[in-house]
Amino acid sequence: MNYDVSRDNLSVRNLEFEGCQEIPVDIDFSLPDYCPDIQRILKCQVCTNITARNVSGDRLNVEGTACIRIIYLDSENMRIRCCENSAPFSTSIDIRCTPENAVALTSARTEYINCRAVSPRKVDIHGAFSICAKIYSKNPKNISCCISGKDIQQKIENTVGSNLIGIGQQQFSLNEMLEMSENKPAPEMIIRADVSMVLSDYKTTPNKVVVKGEAILKILYMDDLTSGNLQTMEYSIPISQIIDVPGADENCKYIMTGEVLSHDEQIHSENEENPGMISTEIKIAATVMAYTEKELGIVSDIYSTDHDLKTESEPLNLSQLKDIIKENFSHKSSVDLPETSASKIVDVWSDACSAKATPQGDKLVFKGKMNLCILALDVDNIPFYIERIIEFERSREFNENSGDVTAEITIVPTSIGHSMPRDNKVDIKIDFDVSGAVYLNQKHSMITSAETDESKPAGKDRDASLTVYFASEGEPLWDIARKYYTSVNAIKQENDISEDISPRNGMLLIPMN
């Protein structure tokens, strides 16, 4: 005879794929006519713009452009110059599954890049960058919460799981025409530009979430090609975007993730009133996951008081959203400069930053490192460039100090300040934005079906009404009841016990019928 199994439903976030695909960079090109000859290359960088991505079957397809940006000194005046060479790329990543309604998060990282000037006007470049991806989907789970039968005894594990109500993702663009501040001269050439973004707030309406934040654009530019004078500008562009999230409402908890897919900046000098305006087009992807907490009862063990049972079980892995991380912190560091004295710091930025979070006692500790890039002038007003690895650490209070805990974080450097160089040192202050979530991972064994064989009665003494068992203190009454084909409640009533464990070493009376 088969027993009826009652089931509860829980939707979970499933990480379908996580991995990277490397793309080689092997090119050589000649400088365009408007670029002066190369004296020395200071910085070679791969900048990727993702223009399209989609999950199709068991493939993640990504398209974009890879821009090789070379910052160098010209041979005539020893001034900073910049040259770019762009080429399209496409890659198809085998994700080894075919998820439904999946969302993809992607990022690019430079693996290595070697840049060599084979002549004053020709550059040979070898390297590689990787497209890294995480693919998530919403998967339903059927939870065995009750198995019915007058002879059935079942053990229920009560827990709380995070129920994924919905996932929403939206790509959108920010298009702005930006003016120079009053004290800044108009640009003639953009040397470098980078964009970071922060999602800081949200508002909810039924089935929709309005995400709010800012995109931070930083530009290094030259205001005079003859003198090579360099300037920096920083802009904060507000973000407000509606994301469709099925099932979202004010009772949900929300995890927000933002990605800068691409950006493009151009100088507009044709405007006579504002000749120094810069246009920017920033393509962004925002992803929102909505959760609620759900109380669950899981059938973890079962037996019949009358017959032998044949059962089937399966592992059940759940997670509970314990904490949403959203905070800012600052890190200060002192950087040694080369022996050649620096007269001025021109620009400081980061082209790579990584971090992870680890529970340590009652703290959650963030540890990471970033590649700090410094462009400066020496005492002869000649530009030079250095890179330094900066390590940082931050801790926050964390109450969930037991169990299997996973923390997923994103750390973005939003601002990098510096002092004037002194004694071949410069003091650096970095502001970070931290976002993410902490999950408590749960592992259960769940009974999925039960079948009795009425030809095999339970092996108990049916002539006796009671038997004696000598229990150990703390021994689970479930184990005792299962051994004698009786119930936990019957043992409790017979021995006047309120807990589910034996209160002491000694004798227990076990009802047999």
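The structure presented is a predicted model; accordingly, all values stated were derived computationally and were not measured. (Residues numbered from 1 in each chain as written. Predicted model: local features only at pLDDT ≥ 70, side-chain atom pairs only at ≥ 80, totals over all residues. Heavy atoms only, no water.)

Peer 1: Quick rundown of unusual backbone geometry? Include the residues and the values.
Peer 2: Despite not being glycine, Met78 has its phi angle at roughly 55°, a positive value. Topologically, Met78 is positioned in the loop between β3 (59-74) and β4 (80-94). Residue classification places Met78 among the partly exposed residues on the basis of a relative accessible area of 22%. Of note in this structure, Asn381 is not a glycine but carries a positive phi near 65°. Take Asn381: it is sitting in the loop between β15 (363-378) and β16 (383-397). (Helix = DSSP H or I, 4+ residues; strand = E, 2+ residues; numbered from the N terminus. Buried < 20%, exposed > 50% of the residue type's maximum accessible area, 1.4 Å probe, protein only.)

Peer 1: Describe the state of the cysteines, and please don't skip the residues or the numbers.
Peer 2: Here the structure, examined in full by the defined rule, presents one disulfide. Free of any disulfide, Cys67 has its nearest cysteine sulfur in Cys47, 5.5 Å distant. Given a relative accessible area of 8%, Cys67 falls into the buried group. Cysteine Cys373 remains unbridged, with the sulfur of Cys47 as its closest cysteine sulfur at 11 Å. Accessibility expressed as a relative area gives 0% for Cys373, which makes it buried. (Disulfide = S-S within 2.5 Å.)

Peer 1: Give a detailed account of the sheet that holds strand β17 (residues 404-418), specifying residues and quantitative values.
Peer 2: Strand-to-strand pairing in sheets goes through backbone hydrogen bonds, with the strands running parallel or antiparallel. Strand order in the open sheet made by the three strands is β13-β18-β17, with antiparallel pairing throughout. Only two strands of the sheet have a single partner each, and these edge strands are β13 (307-336) and β17. Direction aside, the axes of adjacent strands within the sheet are offset by 10° on average. Where β17 and strand β18 (residues 425-457) come together, 14 bridges link them in antiparallel fashion. (Pairing = 2+ DSSP bridges. Axes fitted to C-alpha atoms, helices over the stretch in contact; angles between N-to-C directions.)

Peer 1: Explain the side chain of Asp378 to me, using residue names and the numbers behind them.
Peer 2: With respect to the helices, strands and loops of the structure, Asp378 is situated in strand β15. For Asp378, the side chain forms a polar contact with the main-chain nitrogen of Asp380, separated by 2.9 Å. (Polar contact = N/O pair within 3.5 Å; in protein donor to acceptor, adjacent residues only side chain to side chain.)

Peer 1: I'd like a rundown of the environment of Gln442, residues and numbers included.
Peer 2: Looking at where Gln442 falls in the secondary structure, it is placed in strand β18. Residue Gln442 is classed as buried on the basis of its relative accessible area of 9%. If sequence neighbours within four positions are ignored, Gln442 has contacts with Thr159, Val160, Leu316, Asn317, Leu318 and Gln320. (Contact = heavy atoms within 4.5 Å.)

Peer 1: Talk me through the packing of aromatic side chains; I want residue IDs and the actual numbers.
Peer 2: Aromatic rings in a pair are described by how distant their centres are and how their planes are angled relative to each other. Taken as a whole and judged by the stated rule, the model has nine aromatic pairs. Between Phe392 and Phe432, the aromatic rings sit 4.4 Å apart at their centres with planes inclined by 35°, giving tilted as the arrangement. You can see Phe392 sitting in strand β16 and its partner Phe432 sitting in strand β18, a full 40 residues away along the chain. For Phe432, a relative accessible area of 1% corresponds to the buried category. Centre to centre, the rings of Tyr469 and Tyr484 are 5.9 Å apart; their planes meet at 75°, and the pair counts as edge-to-face. You can see Tyr469 sitting in strand β19 (residues 466-471) and its partner Tyr484 sitting in the loop between α1 (477-483) and α2 (488-495), a full 15 residues away along the chain. Tyr484 carries the same exposure label as Tyr469, and that label is buried. Linked through ring pairs, Phe329, Phe392 and Phe432 together constitute an aromatic cluster. (Phe/Tyr/Trp six-rings, centres within 6.5 Å; stacked < 30°, edge-to-face > 60°.)

Peer 1: How would you summarise the layout of surface pockets if you had to cite specific residues and measurements?
Peer 2: A probe as big as a water molecule, rolled over the atoms, marks out the empty space that is left. When its volume is computed, the second largest pocket comes out at roughly 420 Å³. Lining the second largest pocket are 16 residues, and of these Arg13, Asn317, Leu318, Ser319 and Asn441 sit closest to its centre. Looking at the lining of the second largest pocket, the elements with two or more residues in it are β1 (5-30), β6 (122-147), β13, β17 and β18. Take the lining of the second largest pocket: its biggest share by element is four residues, from β18. For the lining of the second largest pocket, the per-class residue count stands at four nonpolar, eight polar and four charged. (1 Å grid on protein atoms, 1.4 Å probe; cavity = no way out; pocket = protein on both sides within 12 Å on 5 of 7 lines; lining within 4 Å. Points joined across faces, edges and corners; volume = space filled by probe spheres on them. Nonpolar A, V, L, I, M, F, W, Y, C, P; charged D, E, K, R; others polar.)

Peer 1: Tell me what's going on with the side chain of Ser262, and back it up with residues and numbers.
Peer 2: Mapped onto the elements of the fold, Ser262 is located in strand β11 (residues 253-268). Among the residues examined, Ser262 registers a relative accessible area of 13% and is labelled buried.

Peer 1: Outline the sheet that holds β3, supporting the account with residue identities and numerical values.
Peer 2: Pairing in this open sheet of three strands is antiparallel, and the strands run β2-β3-β4 from one edge to the other. Every other strand in the sheet has two partners, leaving β2 (38-56) and β4 as the edge strands with one partner each. Geometrically, the sheet is characterised by an average inter-axis angle of 15° between neighbouring strands, direction not taken into account. Two elements, β3 and β4, share 15 bridges in a ladder whose sense is antiparallel. When the sheet's bridge partners are listed, Arg69 is paired in β4 with Glu84.

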